[in-house]
Structure formats: structure tokens, C-alpha cells
Amino acid sequence: MTYSVAKPSTVKQGSIKRAHVMGTIGVYLFLILGAIVMILPLLWMVESSLKTKEQFLTTQLSLAFPKNPQWGNYFKRIWQMSPSLQLGIVNSIIISFSTIIVGTFASSLAAFSYSKLHFPGKNKLFLAELATMMIPFSIIMIPQFVIYAKIGWLDTWAPLIVPGMLGNVSMIFFLRQYMNGIPTSMIESARIDGAGFFRIYWQIMMPNAKPAVAAQAILWFMGAWNDYFAPSIYLNNPNKLTVQVVISQLNAMYAIQTDYPLLLAASVVALLPCLIIFMIFQKQIIASVAMTGLK
């Protein structure tokens, strides 16, 4: 009878493989736990928004779907609240889209300049712009408020729209990193053929950078839509308030009446645009961030 002894290399490879499998399982369990922790508040918000005031007060922490869901909270009651939720949604759409459309154009132009053009002080100027990302808004809030008050921008949409139209530093950084990976030979060939810089930007750089531009614009939209701090500082007119400020004021009014299901229904409606956009374009967002980090 003969016995075979496993080679040390085979045993070592098996141990490494088992360790890799156990590590992968641990990572997935951690991610699943994190996903559950993050999604539970959303599920609670949705099912609580379908309750009556009495049901909510008696079963606050329950995740069970109510037996008689109050769909009227969504289709009727929230649209009768004051200040107007629908007006806040329209205002947020106007502010977000006007800022992002123009601001994305300005940011992509700046990113193209930083990545492919050569001019004196380019790197220093880029680093100076990046340095502004480290300044918290709470530090510049008072100087900005004083400046906007001096030029008559308070209680208007100008403080929320005009600065964003000049570009977004975060978008400029990510688009620059992405455009650095586009071959410079394409630009040199276009220059030989007589193309100007703007034509190169519009017909070569932008088509190649569409995934990154779309992803960053979507992330910017989500940030602009959910912005509460700046609108609450600069706006006082009820007809100009954004949806987040409207919900905050509704909370102050309806919380006294303990009508929390109505407030939760309004919050769900305000959340839907960001949620739908992220679910549709999540592949582009993840791919853009991953590719930007690799380039």
C-alpha cells in the first residue's frame, strides 16, 4: 500500500483560497448589513406615511404595512398643505436645472483647459481652486451673506443660481482626471486639420467624456435638490422657497398637530426625483467614479 503526501505548495494554495473565500464572505455580510441599516429608515418612512395619525402614534416603530393604507395622503392631502409643496418642487426644479445646465458647460470647459491646454500658472490656478474645497461653507457663509445683501440678491434665486453657473470645483476635478485619459494625439490631429480649441472641446472631448459628465451632473443635481442650508438663509418669500425649506416649514406647522404621516408623505415625494435618477443612472455614476480613479 502506498501513501501520497500533499505537496507543501498545494496545501499553501488551499489555505490562501480558503482565506480569500472567507474574506469575500465577510465583506459581503458587512455590505448586506450596511444596506439593511440604510434601507430600514426608508421603509419605515414609506409605511408610516400610509397611516392615520392615530395608527402612527400607537405603532411608531412598526414596519408592518398598514391594513388600511391612507393613499389620500399622497394623492390629495399633501397638495392641499400650506406653504405649497408643488410650488416648492417647481422652484427646486428651476433652480437645479438652470444651475446644472450652465454650470456643467462651464465646468467641462475648465476641465478641458486644465487637462489639455498649456498656459502660464495652470497648475497653480488648479491647486488654488482645489484648495477652496477644503473651506467649509459655514466659514464663508457670513461674508457671502454680506456681499449678497450689498448687491441686492437677498430673497432672490440669484445666490442659489449664479455661483453654480460659474462652475463646480468638484466636477472640474473629476472631469479633468477623466479627460487626462483621452489621447492627446486626437487633439493634435484635429489641430493639424485646422480645428479650433472650442471645436475640439465640443466635437472630441465632450463625446468621449459623456459618461463622466452625465454622472457628475446627476450627482450635482442630487446635491442641489437636497440643499437646505443656503435656501433657508437667502430666501424668505414663500413663493420662492425650495422643496426642502417648504418641508421644514411644514414640519414646524404640522408636527404640532402630530400629523406625522402627512409630513412623511411629503418627504417621500421630495425624495422620489433623486431616488429615480440614481436608480436609472447608477451604473454610469459608479463607472465614472471608478474610471476617474484609475486614470
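Because the structure is predicted, anything quoted here is derived from the model rather than measured.

### Observations regarding the overall build of the protein chain
Scanning the protein chain from terminus to terminus reveals 14 helices and 0 strands. N-terminal to C-terminal, the α/β element order of the protein chain is α-α-α-α-α-α-α-α-α-α-α-α-α-α. Over its C-alpha trace the protein chain gives a radius of gyration of 26 Å, far above what one expects of a compact globule, namely 19 Å for 295 residues. Dimensions along the principal axes, computed over C-alpha positions, put the protein chain at roughly 80 × 75 × 35 Å. Looking at the protein chain as a whole, 33% of its 295 residues qualify as buried. Of all intrachain contacts in the protein chain linking residues separated by at least 6 positions in sequence, the fraction that spans at least 24 positions is 74%. Split by element, the accessible area of the protein chain, about 17900 Å² in all, is 70% carbon and sulfur. Counting 20 positive and 8 negative side-chain charges, the protein chain places the centres of these two groups 13 Å from one another.

### Some remarks on the pattern of salt bridges
For the coordinates displayed, the defined rule picks out 2 salt bridges. We note a salt bridge from lysine 51 to glutamate 47, for which the minimum N-O separation is 3.5 Å. This pair shows no difference in class: lysine 51 is buried, exactly as glutamate 47 is.

### Observations regarding the packing of aromatic side chains
By convention here, two paired aromatic rings are described through the distance between centres and the angle between planes. Taken as a whole and assessed by the stated rule, the structure comprises 18 aromatic pairs. Look at tyrosine 148 and tyrosine 234: their rings are 5.4 Å apart centre to centre, the planes differ by 70 degrees, and that puts the pair in the edge-to-face class. On the criterion of sequence distance, the pair formed by tyrosine 148 in helix α6 (residues 137–150) and tyrosine 234 in helix α12 (residues 229–234) is long-range, its members being 86 residues apart. Relative to tryptophan 225, the ring of phenylalanine 221 lies with its centre 5.8 Å away and its plane at 35 degrees, an arrangement referred to as tilted.

### Let's talk about the nonpolar core
Ile78, Leu85, Phe112 and Ile200 are the most contacted members of the largest nonpolar core, which totals 61 residues. If one sorts the elements of this core by residue count, helix α14 (residues 260–294) sits on top with 10 residues. Aside from chain neighbours lying at most four places away, what touches phenylalanine 112 is Leu117, Met179, Ile187, Phe197, Ile200, Tyr201 and Met205.

### Topic: the side chain of serine 92
Along the polypeptide, serine 92 turns up in helix α4 (residues 85–116). In this structure serine 92 comes out as buried when scored by relative accessible area, which is 3%. If sequence neighbours within four positions are ignored, serine 92 has contacts with Trp225, Thr242 and Val243.

### Section: the side chain of glutamate 47
In this fold, glutamate 47 is placed in helix α1 (residues 8–48). Not counting the four nearest positions on each side in its chain, glutamate 47 is found in contact with Ser62, Leu63, Ala64 and Pro66.

### A word on a nonpolar patch on the surface
A surface patch of nonpolar side chains, about 1100 Å² in accessible area, is lined by Val21, Met22, Ile25, Tyr28, Leu29, Ile32, Ile36, Ile39, Leu40, Leu42, Leu43 and Leu63. One can find leucine 43 in helix α1.

### Section: helix α10 (residues 197–208)
With 12 residues, α10 should cover 16 Å at 1.5 Å per step; its first-to-last C-alpha distance of 15 Å lies within 8% of that length. Those residues of α10 lying buried are Ile200, Tyr201, Ile204, Met205 and Met206.

### Some words on the environment of asparagine 251
Along the chain, asparagine 251 turns up in helix α13 (residues 243–254). Judged by its relative accessible area of 40%, asparagine 251 is partly exposed. For asparagine 251 and glycine 121, which are 130 residues apart along the polypeptide, the C-alpha to C-alpha distance reads 50 Å.

### A word on the packing of α4 against α10
Packing of α4 against α10 leaves a shortest axis separation of 11 Å and a crossing angle of 100 degrees. Overall, the two elements α4 and α10 adopt an arrangement that is roughly perpendicular. Together, Phe105, Ser108, Leu109, Phe112 and Lys116 of α4 and Phe197, Phe198, Ile200, Tyr201, Trp202, Met205 and Met206 of α10 make up the contact between the two elements. The residue inventory of the contact of α4 with α10, partitioned by class, reads 10 nonpolar, 1 polar and 1 charged.

### So, the environment of tyrosine 28
By the element assignment, tyrosine 28 lies in helix α1. The spatial distance from the C-alpha of tyrosine 28 to the C-alpha of proline 261 is 35 Å, given a sequence separation of 233 residues.

Cut-offs used in this document
Residues numbered from 1 in each chain as written. Predicted model: local features only at pLDDT ≥ 70, side-chain atom pairs only at ≥ 80, totals over all residues. Heavy atoms only, no water. Helix = DSSP H or I, 4+ residues; strand = E, 2+ residues; numbered from the N terminus. Rg over C-alpha atoms; globule rule 2.2 N^0.38 Å. Buried < 20%, exposed > 50% of the residue type's maximum accessible area, 1.4 Å probe, protein only. Contact = heavy atoms within 4.5 Å. Areas by Shrake-Rupley, 256 points an atom, 1.4 Å probe, with all protein chains shown as cover. Lys, Arg positive; Asp, Glu negative; His and termini not counted. Charge placed at Lys NZ, Arg CZ, Asp CG, Glu CD. Salt bridge = Lys/Arg side-chain N within 4 Å of Asp/Glu carboxyl O. Phe/Tyr/Trp six-rings, centres within 6.5 Å; stacked < 30°, edge-to-face > 60°. Core = buried A, V, L, I, M, F, W, Y, C linked by side-chain atoms within 4.5 Å. Patch = residues over 30% accessible without salt bridge, like charges linked within 9 Å, V, L, I, M, F, W, Y side chains within 5 Å. Expected span 1.5 Å × (residues − 1). Axes fitted to C-alpha atoms, helices over the stretch in contact; angles between N-to-C directions. Parallel < 35°, antiparallel > 145°, perpendicular 65-115°, else oblique. Nonpolar A, V, L, I, M, F, W, Y, C, P; charged D, E, K, R; others polar.

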